[in-house]
Structures are given as structure tokens and as C-alpha cells.
Amino acid sequence: MSHNATNMYDVDALVAETYDLSETNTADLEQVRRLIAGRGPLRILEPFCGTGRILIPLALDGHEAAGLDQARAMLDRAREKITELPTEVRDRITFIEADATAGGWPEGFELVILGGNCFYELATPEEQEGCIASAAAALRPGGHVYVDNDHMEGDLDEAWRRPGVSTGWPNKTLADGTSLLGSSETIWFDAPRRLWRARRMLTVTFPDGTTEQREWVQQKHPVSVLEVRGWLEKHGFVVERHYGGSDDRPYTDDCSRATFWAGRA
């Protein structure tokens, strides 16, 4: 992303493989399917498409799907996935290697998907709002945007401010015995602005016991519900549905997820 000099999904190609092993939930995909049921084949754009977890099944449903992502390793894996698909399905899928925060998205779509907690990979509210603005420009009048992310209200949560090194994703052993272990150390935060910066580390241990280390700095801005709703309304969207998760439950302050379905006037 533009503010973060390193994209963690390009730190090592094994991260893309780990993502596919870890992210097997399809509840958000099924929610999108419910929201577009009966609308006929659509032109769909998914920035931050990764390895195609959502995009490829929608293409199999008959939709024309374009995926945009900065991480070449993720797109390489997505392209590999579609090689065995029927030609008519492959022809409905386009992958674009680009920084979504830089704007200039392709246009003429009926649906833009900003799911998979993609806003939690972005460094600033300006980058996140920019994606809402780009979605508005990419959509035809009457089109919709699906925004699905965790949310954080008020100041930066205390758990994000703690010193010391903590382990986290990726944390997986692959089929060949190679293991990946991620960790992070908070190096700066601005609690009122809800900004967090950390030194991220990845240890790759190969089956023969040798290890390799990766290190980079990443900043995040956990979004709030008020921010996302405000950006949607500012850029011409009307929020039609607001869920507290992919099971269609109505949003309440107790929900950890905030999912918006908004139409472009």
C-alpha cells in the first residue's frame, strides 16, 4: 500500500499458501450471493482480491469478475487456481496488479467488494476513505458496494498499545513441513487517532531445520462504524443494509464486525 512500503503478502510467497490454508470461511461469500440473488450476471470488481477466495466462486456463478491486488504472490496463486477452470469461466476473470490506494480503478461495474477485512491492512483513514471514493467512481449508477471489516470505536484499544513481542498470523505448518511464524512489536501509536505502527517479523523454518527471517514495518488504522458510514454518505452512497456480520444479524455495538451494503445514487 502507498503508506506501507512493504506489503506483508509479498514478504514471502509462502504467505500466500498459508493464507489459503487459513482463510477457508465462506460465510462472507454466501452473504454476497444472497445480496445479489436474482440480479443476473454482474460486472464485479474486488480490490484486495488476494488469491481469489471470493472472486473466483462468483465467476463460477456466471458473473464477470475483476480482481485488483498489489501483492504479486497472491495474484500468482489466484492465476494458478483458474488454470483448470473451463475456458468460458477463465474468460470472465481478470486480474490486475496495482496498488488499490493509488486510485484509478477500472470503471463500469455493478458491484465493488471491499471485504475480507481489507481496511485493516491500510495505514490511514485517508487511504480507507480513498477506497470508498474509488469504489464510487468504479460503479455505474445504481451499483452497490459491499464493505465488510472489523471495527473499533473510540480510542485505540488497550490491547494494541502493549509493549513487547507477540506472536500471530501467519502461524502455520505447510504440507511439506515448512512452518511460518509471525510476530509483531508495537513501536508507536496515536491512541486518539487510532493509529498503530509495529515491527513485523516472519520466521520461516524449513524441514531441514534451517530458518530465514523477514522483517518490515506496518501501520494500521482500525476503522470505526461512524467513519465508514460517513465516508459512504460523503461519496454518494445510501446505506441500505447494515449487518453485524456475515450471518445477516442486525448491527449492534456489541458486534465485532460491521458490514455495509450501500447503493450508489
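Presented here is a report on the structure given in the accompanying data block.

Thresholds applied
- Residues numbered from 1 in each chain as written.
- Predicted model: local features only at pLDDT ≥ 70, side-chain atom pairs only at ≥ 80, totals over all residues.
- Heavy atoms only, no water.
- Helix = DSSP H or I, 4+ residues; strand = E, 2+ residues; numbered from the N terminus.
- Buried < 20%, exposed > 50% of the residue type's maximum accessible area, 1.4 Å probe, protein only.
- Polar contact = N/O pair within 3.5 Å; in protein donor to acceptor, adjacent residues only side chain to side chain.
- Contact = heavy atoms within 4.5 Å.
- Pairing = 2+ DSSP bridges.
- Axes fitted to C-alpha atoms, helices over the stretch in contact; angles between N-to-C directions.
- Salt bridge = Lys/Arg side-chain N within 4 Å of Asp/Glu carboxyl O.
- Parallel < 35°, antiparallel > 145°, perpendicular 65-115°, else oblique.
- Left-handed = near helix turned anticlockwise from the far one by under 90°.
- Nonpolar A, V, L, I, M, F, W, Y, C, P; charged D, E, K, R; others polar.

### Remarks on the environment of Gly40
With respect to the secondary-structure elements, Gly40 resides in the loop between α2 (27–36) and β1 (43–47). Expressed as a C-alpha distance, the spacing of Gly40 and Gly62, which sit 22 residues apart in the sequence, is 8.5 Å.

### Examining the side chain of Gln218
Topologically, Gln218 is positioned in strand β9 (residues 211–220). Gln218 gets classed as buried once you look at its relative accessible area, which sits at 3%. Only 3.1 Å separates the side chain of Gln218 from the side chain of Glu121, close enough to count as a polar contact. Once residues lying within four places of it in the same chain are set aside, the contact partners of Gln218 are Asn4, Met8, Glu121, Trp196, Arg197, Ala198 and Arg200.

### As for the sheet that holds β9
Taken together, 4 strands build an open sheet; the order of strands is β6-β7-β8-β9 and the sheet is antiparallel. Strands at the two margins of the open sheet, each flanked by one partner only, are β6 (165–173) and β9. Going from strand to strand, the sheet's axes swing by 20 degrees on average, the running direction of each strand aside. Each of β6, β7 (179–190) and β8 (195–205) is contacted by helix α1 (residues 13–22), which is oriented at about 80 degrees to β6, the strand it contacts most.

### Brief notes about unusual backbone geometry
Note the cis peptide between Trp169 and Pro170, where omega equals -5 degrees. Summarising the element assignment, Pro170 is placed in strand β6. Residues other than glycine seldom take positive phi values, yet Phe48 does so here, at roughly 60 degrees. Inspection of the secondary structure assignment puts Phe48 in the loop between β1 and α3 (55–60). With a phi angle near 65 degrees, Asn117 is a residue other than glycine that sits in the positive phi range. For Asn117, the position within the fold is in the loop between β4 (109–114) and α6 (125–138). Overall, Asn117 belongs to the buried group, its relative accessible area being 16%.

### Here we look at the environment of Arg79
Mapped onto the elements of the fold, Arg79 is located in helix α4 (residues 72–81). Separated by 23 residues in the primary sequence, Arg79 and Ile56 place their C-alpha atoms 10.0 Å from one another.

### A look at the pattern of salt bridges
On inspection of all chains with the given rule, the structure shows 23 salt bridges. Of the charged contacts in the structure, one is a salt bridge between Lys234 and Glu129, with a shortest N-O distance of 2.7 Å. Pair noted here: Lys234 is in helix α7 (residues 225–234) and Glu129 is in helix α6, with a separation of 105 residues, a long-range link. The exposure class of Lys234 is exposed, given its relative accessible area of 60%. In this structure, Arg249 engages Asp247 in a salt bridge whose closest nitrogen and oxygen atoms are separated by 2.8 Å.

### A few points about the packing of α1 against α4
One can describe the packing of α1 onto α4 by two numbers: an axis separation of 8 Å at closest approach and a directional angle of 55 degrees. On the basis of the axis angle, α1 is oblique to α4. Crossing hand, α1 versus α4: right-handed. Residues Ala13, Ala16, Glu17, Tyr19 and Asp20 of α1 pack against Ala73, Met74, Arg77 and Lys81 of α4. Split into classes, the residues belonging to the contact of α1 with α4 amount to 5 nonpolar, no polar and 4 charged.

### Side note on the sheet that holds strand β11 (residues 257–264)
Here 7 strands make up an open sheet; going across it, the order is β3-β2-β1-β4-β5-β11-β10 and the pairing mixed. Lying at the two open borders of the sheet, with one neighbouring strand each, are β3 (93–97) and β10 (237–243). Across the sheet, the mean angle separating the axes of adjacent strands is 15 degrees when strand polarity is ignored. Across 5 bridges, β1 lies against strand β2 (residues 64–69) in parallel orientation. Considered in β2, the bridge of Leu45 is made with Ala66. Packed onto the sheet, α2 meets β4, β5 (139–150), β10 and β11 and runs at close to 155 degrees relative to β5. Contacts from α6 reach β1, β4, β5, β10 and β11 within the one sheet, and its direction differs from that of β5 by about 150 degrees.

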